[in-house]
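Coordinates in review
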Amino acid sequence: MDATALFSFQSGLYVVSASDGEERAACIINTGLQLTSSPIQVEVVVNKQNYTEGVIARAGHFALTVVTESANMMYVGRFGFRTSKDYDKFDGIETCQTILGDPYTPENAACVLACDVVKTLDVGTHTIFVGEVKDAQVLSGDPSMTYSYYHTVLKGKTPPKASSFIGEA
């Protein structure tokens, strides 16, 4: 089987974040998707090894921020290559809160969605969180970053915890 065939799927780059009242966490994902329009629902897929996964589960809500092409590798690294367990990813940058209390930064963001978790699905290494959108804000008119742009222009790599990671055979 040639698993690289999956590289043909188009996806974006997103920051998913949450606060459970005591802790806040965030991570980069490439698996955010609108599911329905009435009610408006989205899904995010988060590796169970990511600290953010536990915070979302405890909080019962999350923010989903669509990353724009204005983001550089320092921004991606802030949210994607460190753990929220040991590092406050929002320290030192402009941080806002959704109506549900989840942190997000308007920096390098096309929009932000505030979502209540209405369903979860355990898919082995990852958890799918289905969120009903309670609020949405457009933050800029900049183009959204695709995962292809991340790989070809920023020369970003897929980390092992990403749902699209394909290891050496």
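Relevant structure appears above.
The structure contained in this document is the topic of the report that follows. Throughout, residues of each chain are indexed from 1 in the direction in which the sequence is written. Thresholds applied to this predicted model are a pLDDT of at least 70 for local features of residues and 80 or more for the giving and counting of side-chain atom pairs; totals over whole chains, interfaces and linings are not thresholded and use all residues. As a rule here, side-chain values cover all heavy atoms of the structure and leave hydrogens and water aside.

A word on the side chain of Thr68
Looking at the secondary structure, you find Thr68 in the loop between β5 (61-67) and α2 (73-80). Here, two residues are considered to be in contact whenever any of their heavy atoms come within 4.5 Å of each other. Beyond its immediate sequence surroundings of up to four residues, Thr68 is in contact with Asn108, Ala109, Ala110, Ser140, Asp142, Pro143, Ser144 and Met145. Where helices and strands are cited, they refer to DSSP runs of H or I of at least four residues and of E of at least two residues respectively, numbered from the N terminus.

Quick notes on the environment of Asp122
Summarising the element assignment, Asp122 is placed in strand β8 (residues 109-122). Each residue gets one of three labels from its accessible area relative to the maximum for its type: buried under 20%, exposed over 50%, partly exposed in between, using a 1.4 Å probe on protein chains only. Using a relative accessible area of 52% as the deciding quantity, one classes Asp122 as exposed. When the C-alpha atoms of Asp122 and Lys48 are compared, they prove to be 9.2 Å apart, with 74 residues separating the residues in sequence. Side chain to side chain, Asp122 and Lys48 meet in a polar contact 2.7 Å long. Polar contact is the term for a pair of N or O atoms within 3.5 Å; when the atoms are in protein, one must be able to donate a hydrogen and the other to accept it, and sequence-neighboring residues count only if both atoms are side-chain atoms. Within polar-contact distance, the side chain of Asp122 engages the backbone nitrogen of Gly124 at 2.8 Å.

As for α2
Every buried residue of α2 is accounted for by Tyr75, Val76, Gly77, Arg78 and Phe79. Its side-chain oxygen at 3.0 Å from the backbone nitrogen of Met74, Asn72 defines the N-terminal cap of α2.

A short note on the packing of aromatic side chains
Here a pair means two rings of Phe, Tyr or Trp (six-membered ring of Trp) with centres within 6.5 Å. Their orientation is stacked below 30 degrees between planes, edge-to-face above 60, and tilted elsewhere. By the definition in use, this model includes 2 aromatic pairs. Between Tyr75 and Phe79, the ring centres sit 5.2 Å apart and the planes meet at 55°, which makes this aromatic pair tilted. With Tyr75 and Phe79 both in helix α2, this residue pair falls 4 residues apart, about one helical turn. Residue Tyr75 shares its accessibility class with Phe79, and that shared class is buried. A ring pair is formed by Phe79 and Phe90, whose centres lie 5.4 Å apart and whose planes are at 65°; its orientation type is edge-to-face. With Phe79 in helix α2 and Phe90 in the loop between α2 and β6 (96-97), this pair connects stretches of sequence that are 11 residues apart. Residue classification places Phe79 among the buried residues on the basis of a relative accessible area of 1%. On the basis of relative accessible area, Phe90 is assigned to the buried category, the value being 3%.

None of the figures reported here should be taken as evidence of function without further support.
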